[in-house]
Amino acid sequence: MTTDDQLTFRQFLLREHRNHGTPKDLIFLLEDIATACRTISHKIRSGAFAGTLGATEDTNVQGETQKQLDVIANDQFMLHCANCSRVAALVSEELDNVVWLKDQAKAGDYIIYFDPLDGSSNLELNISVGSIFSIVELQEDLTELNDEAVLIAGTEQICAGYSLYGPSTSLVVTTGHGVNGFTHLNGTGEFLLTFPDMQVPAQTQEYAINSSRQKYWEAPVQRYVEECLVGVDGPRGKRFNMRWVASMVAEVHRILTRGGVFLYPRDSENAPMGGRLRLLYEANPMGFIIEQAGGKASVGGGRILEVDPTELHQRVPVILGSSEEVDLLDRYHSE
């Protein structure tokens, strides 16, 4: 694909409008989110000079120490998402409660869920981090504006995406018609379509899991990893490579570009919390993206997108990626 063939993000979204009826308000909102991601990327790259790589003295609702760039990234999302008149509320990993932008939320309004800076513990190590977002369109007017009003299942998402801040800045988006990846062209402010129609291969020989937690894993995960480690001499009959970046965005991006499966399962230590990753702004958007690319996303015996949310910062187990591996892990859980 030559540069002349690479659509800008706006050109791509306008094509989505013509072909699939993507609302123009959603196009404007996605352009604002792209601006937020581009700004966050710049803030990260200049963090060492600005003295913003370190931690604050605060913790978020999860009890995690906030990095300065966590706060900066959150502010950028809040600022740019508020530009769209159809956005009724914002739900962020970094904020205890919903931020309502309207006194009345009507059918057709948007709720935006986001993790402004996933993997921020990697910042001082110069390892890839990212941002995750999800958009739901209200199907009816809301009678009360409270935290419970935004507890909406992942099946209702109309759009999800992430930005990866690595050697280049990527933006990956689905509006329910496949998954497409864009790369920021430095010096222009443009995201160009560089990875059209991203697909997760059904088969893989690569998995990602935090092996330091092995002693806490439940039996199905122990079984799966042991079989992968045995390689050609075991029941899988092939060699597997293991990867772990400690950044969900980087893990998912690798799966979208070359296949694999990512696991952050329920284990004996995180089970009282329900799991490790947050449902509304991590598991749901990434599950939606993976499914739109032909993969599968499970909590270990059930589809992530079908989980009924009960809390704003609810945690769930996450197993997603190549369909054959997720199916196998689901079968091990059911057994």
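Now for a look at the structure at hand. The structure presented is a predicted model; accordingly, all values stated were derived computationally and were not measured.

How each quantity is defined
- Residues numbered from 1 in each chain as written.
- Predicted model: local features only at pLDDT ≥ 70, side-chain atom pairs only at ≥ 80, totals over all residues.
- Heavy atoms only, no water.
- Helix = DSSP H or I, 4+ residues; strand = E, 2+ residues; numbered from the N terminus.
- Rg over C-alpha atoms; globule rule 2.2 N^0.38 Å.
- Buried < 20%, exposed > 50% of the residue type's maximum accessible area, 1.4 Å probe, protein only.
- Areas by Shrake-Rupley, 256 points an atom, 1.4 Å probe, with all protein chains shown as cover.
- 1 Å grid on protein atoms, 1.4 Å probe; cavity = no way out; pocket = protein on both sides within 12 Å on 5 of 7 lines; lining within 4 Å.
- Points joined across faces, edges and corners; volume = space filled by probe spheres on them.
- Nonpolar A, V, L, I, M, F, W, Y, C, P; charged D, E, K, R; others polar.
- Pairing = 2+ DSSP bridges.
- Axes fitted to C-alpha atoms, helices over the stretch in contact; angles between N-to-C directions.
- Contact = heavy atoms within 4.5 Å.
- Polar contact = N/O pair within 3.5 Å; in protein donor to acceptor, adjacent residues only side chain to side chain.

### What about the overall build of the protein?
Check the secondary structure of the protein and you find eight helices and 17 strands. At 19 Å, the protein has a C-alpha radius of gyration in line with the 20 Å of a compact globule built from 335 residues. Dimensions of the protein, computed from C-alpha atoms along their principal axes, come out at roughly 55 × 50 × 45 Å. Looking at the protein as a whole, 56% of its 335 residues are labelled buried. Total accessible area on the protein is roughly 14200 Å²; 46% of this is exposed by carbon and sulfur atoms.

### What about the layout of surface pockets?
There is about 470 Å³ of room inside the largest pocket. If you trace the largest pocket, you find 25 residues lining it, with Glu64, Gly119, Ser120, Ser121 and Arg276 closest to the centre. Elements supplying a minimum of two residues to the lining of the largest pocket: β2 (65–67), β5 (110–118), α6 (248–258), β13 (261–264) and β14 (277–278). Around the second largest pocket sit 14 residues that line it, and Ile44, Arg45, Leu123, Asn126 and Ile127 are the ones nearest its centre. Tallying contributions element by element places helix α3 (residues 47–50) first for the lining of the second largest pocket, with three residues. Looking at the lining of the second largest pocket residue by residue, the classes come out as nine nonpolar, four polar and one charged.

### Remarks on the sheet that holds β13
Reading across from one edge, β12-β11-β13-β17-β15 is the order of the five strands in this open sheet, with mixed pairing throughout. A single partner strand is all that each edge strand has here, and the edge strands are β12 (241–243) and β15 (296–298). Across the sheet, the axes of successive neighbouring strands diverge by a mean angle of 15°, strand direction being ignored. Sheet topology places strand β11 (residues 206–208) next to β13; two bridges connect them, and they run parallel. In the strand pairing of β13, Tyr207 is matched with Val261. On the sheet, helix α5 (residues 219–230) packs against β11 and β13 and is oriented at approximately 140° with respect to β11.

### Notes on the side chain of Glu206
Mapped onto the secondary structure, Glu206 falls in strand β11. Accessibility expressed as a relative area gives 9% for Glu206, which makes it buried. In terms of polar contacts, Glu206 uses its side chain to reach the side chain of Arg254, at 3.3 Å. When near neighbours in sequence (up to four residues on either side) are disregarded, Glu206 contacts Phe240, Asn241, Arg243, Arg254, Arg258, Gly259, Gly260 and Val261.

### Remarks on the side chain of Thr22
When you line up the elements, Thr22 lands in the loop between α1 (9–20) and α2 (24–45). Contacts of Thr22, omitting those with residues within four sequence positions, involve Glu16, His17, Ile27 and Thr175.

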